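One-letter residues, chain by chain:
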Amino acid sequence: MADLQKLATMLQELDDQMAACMKCGMCQGVCPVFAETMAEADVTRGKIALLENLAHELVVDAEGVKDKLNKCLLCGSCAANCPSGVRIMDIFLKARCIVNGYLGLSPAKKAILRGMLTRPKLFNALLDTAGKFQGLVTSKADEIVGTSCSRLMSPIIGERHFKPLAKEPLHAAVPSLDTAVGASGLKIAFYPGCAVDKFFPQVGHAAFKIFRHHGVGVFMPEGQACCGLPSLASGDMESFLRLVELNVKLFGQMPFDYLVTPCGSCTAAFKEVWPKFAAEMPSAIRHAAMTLADKAIDINAFIVDKLGVEVPTEAPKGGTPLTYHDPCHLDKSLHVTAQPRALLRSNPNYEFREMSEHNRCCGCGGSFNLYHYDVSKKIGERKRENIVASGAKVVATGCPACMLQISDMLSQAGDGIAVKHAIEIYAETLG
């Protein structure tokens, strides 16, 4: 159990933040989880009612509180549509830290979050080894999507179709970079994120191609650590603060103009989540962490807004039908929506078609997909139906986590629709 005085302080902070909630129920209409379960406990209003008496509920049924809190995608749909401006994501993340501070982490989570994520070299080595032997227990599922499945692991992973670990992760192909500033006059730090590094290294290579084309100097230090979002989502402040410290020290080695990442969730973690927990950070790293947060930018926004890529006034017609899914962290947290569409429309080989409910959550939600796959899949199937209805042969997005979820849904249905990052489509235009 964590320090009781610390827990009491966090409980008081929660009470102050929840006072703004009017229980109007506007969150019901936009919550993807509630739409599938129709359970009041699954919607934000129900969770806040639970948290208002959190200290008592923890004594009565701490595990029950934990289960209800974790049944949330953290997609931010409720916060984006809250008329009172309640900082719901702050409340839920802090509440998870309180509950896990009271209960303690499970041995498995402790091993993953504190034993692996906070040791990037060990984390990479373990997954590199797993990647070499994954073929022994998996088989190809869909050539177009590039997914695999596994009967041997079905008791654990169910019927999921998943992206296999890359044969050559990005950190193996390009361990580090320090290139000179070119025509753009800009030097950036590049943070690919764990999923791009280990599942979608082609997205990282597309980014390098774009940086070279525009004369952007790139600093990519070796040994990058997780952004910390999985730790906070699991309620583990200890590993979150350790990951912040690792990244602050790593990126503090060299001056740069922007911290660019192709992962919407990582960008939101740096830019939105880190400042919310600045008070928890040691004073020795707080200022550097906030400087890093201030420089963080999504790669789509960097290319369009900072590099000034010119987009044709008329969208091309007659190419391969293409649609776009708005990742929750890019759309609802960072409001990056026009820039990826601009990049997609810049490629004359594709015809852009907007899908219905393009900014509705895909249902991934990180660990939500692991613990509540039945609900996650139902939400994902609705996304898949909208993609198919658009007539697209390619669906692009701006977050690798969404790419994993959408790949699973399209692969299981055998739709023959490829999944790509928006910058891959733009990079194709650069020869």
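Residues numbered from 1 in each chain as written. Predicted model: local features only at pLDDT ≥ 70, side-chain atom pairs only at ≥ 80, totals over all residues. Heavy atoms only, no water.

## Some thoughts on the overall build of the chain
Turning to step 1, where the next piece is worked out: If you tally the helices and strands in the chain, you get 23 helices and 11 strands.
Turning to step 2, where the next piece is worked out: Computed over the C-alpha atoms, the radius of gyration of the chain is 21 Å, within 12% of the 22 Å expected from 2.2 N^0.38 for a compact globule of 431 residues.
Turning to step 3, where the next piece is worked out: C-alpha atoms of the chain, sized along the principal axes, occupy 60 × 50 × 50 Å.
Turning to step 4, where the next piece is worked out: For the chain, with 431 residues in total, the buried portion stands at 54%.
Turning to step 5, where the next piece is worked out: In the chain, the proportion of contacts linking residues at least 24 apart, taken out of those at least 6 apart, comes to 77%.
Turning to step 6, where the next piece is worked out: For the chain, the exposed area adds up to about 18300 Å²; of that, 54% sits on carbon and sulfur atoms. (Helix = DSSP H or I, 4+ residues; strand = E, 2+ residues; numbered from the N terminus. Rg over C-alpha atoms; globule rule 2.2 N^0.38 Å. Buried < 20%, exposed > 50% of the residue type's maximum accessible area, 1.4 Å probe, protein only. Contact = heavy atoms within 4.5 Å. Areas by Shrake-Rupley, 256 points an atom, 1.4 Å probe, with all protein chains shown as cover.)

## Examining the sheet that holds strand β9 (residues 350–352)
Think of a sheet as strands paired side by side through backbone hydrogen bonds, with each pair either parallel or antiparallel.
Turning to step 1, where the next piece is worked out: One open sheet holds the four strands; their spatial order is β9-β8-β10-β11, and the pairing between them is parallel. Pairing within the sheet leaves two strands with one partner each, and these edge strands are β9 and β11 (418–421). The mean angle between the axes of side-by-side strands here comes to 35 degrees, regardless of whether they run parallel or antiparallel.
Turning to step 2, where the next piece is worked out: In this structure, strand β8 (residues 320–324) lies alongside strand β10 (residues 394–397), joined through three bridges in parallel fashion. From the neighbouring strand, Leu322 faces β10, where its bridge partner is Val394.
Turning to step 3, where the next piece is worked out: Relative to the sheet, helix α19 (residues 338–345) contacts β8, β9 and β10, its axis offset from that of β8 by approximately 170 degrees. (Pairing = 2+ DSSP bridges. Axes fitted to C-alpha atoms, helices over the stretch in contact; angles between N-to-C directions.)

## Here we look at the packing of helix α3 (residues 44–51) against helix α6 (residues 88–103)
Turning to step 1, where the next piece is worked out: Contact geometry for α3 and α6: axes closest at 12 Å, N-to-C directions at 50 degrees. Judged by the inter-axis angle, α3 sits oblique to α6. The chirality of how α3 crosses α6 is left-handed. Residues Thr44, Lys47, Ile48 and Leu51 of α3 pack against Ile88, Ile91, Phe92 and Ala95 of α6.
Turning to step 2, where the next piece is worked out: Grouping the constituent residues of the contact of α3 with α6 by class yields six nonpolar, one polar and one charged. (Parallel < 35°, antiparallel > 145°, perpendicular 65-115°, else oblique. Left-handed = near helix turned anticlockwise from the far one by under 90°. Nonpolar A, V, L, I, M, F, W, Y, C, P; charged D, E, K, R; others polar.)

## Some words on the packing of helix α17 (residues 299–306) against α19
Turning to step 1, where the next piece is worked out: Between α17 and α19, whose axes approach to 8 Å, the crossing angle comes to 75 degrees. As judged from the angle between their axes, α17 and α19 are roughly perpendicular. Touching Asn300, Ala301, Ile303, Val304 and Asp305 of α17 are Gln339, Pro340, Ala342 and Leu343, all from α19.
Turning to step 2, where the next piece is worked out: Residue composition of the contact of α17 with α19, by class: six nonpolar, two polar and one charged.

## Overview of helix α16 (residues 283–295)
Turning to step 1, where the next piece is worked out: Taking 1.5 Å as the rise per residue, α16 with 13 residues should run 18 Å; its terminal C-alpha atoms sit 19 Å apart, in good agreement.
Turning to step 2, where the next piece is worked out: All of the buried residues along α16 are Ile285, Ala289, Leu292 and Ala293. The buried residues of α16 occupy an angular sector of 100 degrees when projected down its axis, which confines them to one face. Those residues of α16 that are exposed and angled more than 90 degrees off the buried face are Ser283, His287 and Asp294.
Turning to step 3, where the next piece is worked out: Buried residues in α16 make contact with α14 (237–251), β6 (258–261), α15 (264–276) and β7 (296–298). (Expected span 1.5 Å × (residues − 1). Arc of directions from axis to C-beta.)

## Some details on the domain arrangement of the chain
Turning to step 1, where the next piece is worked out: Domain assignment breaks the chain into domain 1 (1–103), domain 2 (170–306) and domain 3 (311–428).
Turning to step 2, where the next piece is worked out: A C-alpha centroid distance of 23 Å is found between domain 2 and domain 3.
Turning to step 3, where the next piece is worked out: Facing 27 residues of domain 2, the contacting portion of domain 3 comprises 20 residues.
Turning to step 4, where the next piece is worked out: Between domain 2 and domain 3 the total buried area reaches about 2000 Å² when both faces are included, carbon and sulfur atoms providing 75% of it.
Turning to step 5, where the next piece is worked out: Our count for the domain 2 to domain 3 interface comes out at zero salt bridges.
Turning to step 6, where the next piece is worked out: Inspection of the domain 2/domain 3 interface yields six residue pairs in polar contact (both at pLDDT 80 or more).
Turning to step 7, where the next piece is worked out: Among the secondary structure elements, those contributing two or more residues to the side of domain 2 that touches domain 3 are α11 (194–198), α12 (201–213), α15 and α17. (Domains from an automatic or database assignment. Buried area = accessible area lost by both parts, 1.4 Å probe. Salt bridge = Lys/Arg side-chain N within 4 Å of Asp/Glu carboxyl O. Polar contact = N/O pair within 3.5 Å; in protein donor to acceptor, adjacent residues only side chain to side chain.)

## Here's the deal with the packing of aromatic side chains
The relation between two aromatic rings is expressed through the spacing of the ring centres and the mutual angle of the planes.
Turning to step 1, where the next piece is worked out: Considering all chains together, one arrives at 10 aromatic pairs under this definition.
Turning to step 2, where the next piece is worked out: Both rings, one in Phe190 and one in Phe211, keep their centres 5.5 Å apart while their planes meet at 75 degrees; by these two values the pair is edge-to-face. Of the two residues, Phe190 is situated in strand β4 (residues 187–190) and Phe211 in helix α12; the sequence distance between them amounts to 21 residues.
Turning to step 3, where the next piece is worked out: The exposure class assigned to Phe190 is buried, which follows from its relative accessible area of 0%.
Turning to step 4, where the next piece is worked out: Look at Phe211 and you get buried, because its relative accessible area is 1%.
Turning to step 5, where the next piece is worked out: Summarising the aromatic geometry, the rings of Tyr258 and Phe302 are spaced 5.8 Å apart at their centres and angled 65 degrees between planes, so their arrangement reads as edge-to-face. Taken together, the residues span a long stretch of sequence, with Tyr258 in strand β6 and Phe302 in helix α17 at a distance of 44 residues.
Turning to step 6, where the next piece is worked out: Members of the aromatic cluster, each reached through a chain of ring pairs, are Tyr191, Phe219, Phe251, Phe256, Phe270 and Trp274. (Phe/Tyr/Trp six-rings, centres within 6.5 Å; stacked < 30°, edge-to-face > 60°.)

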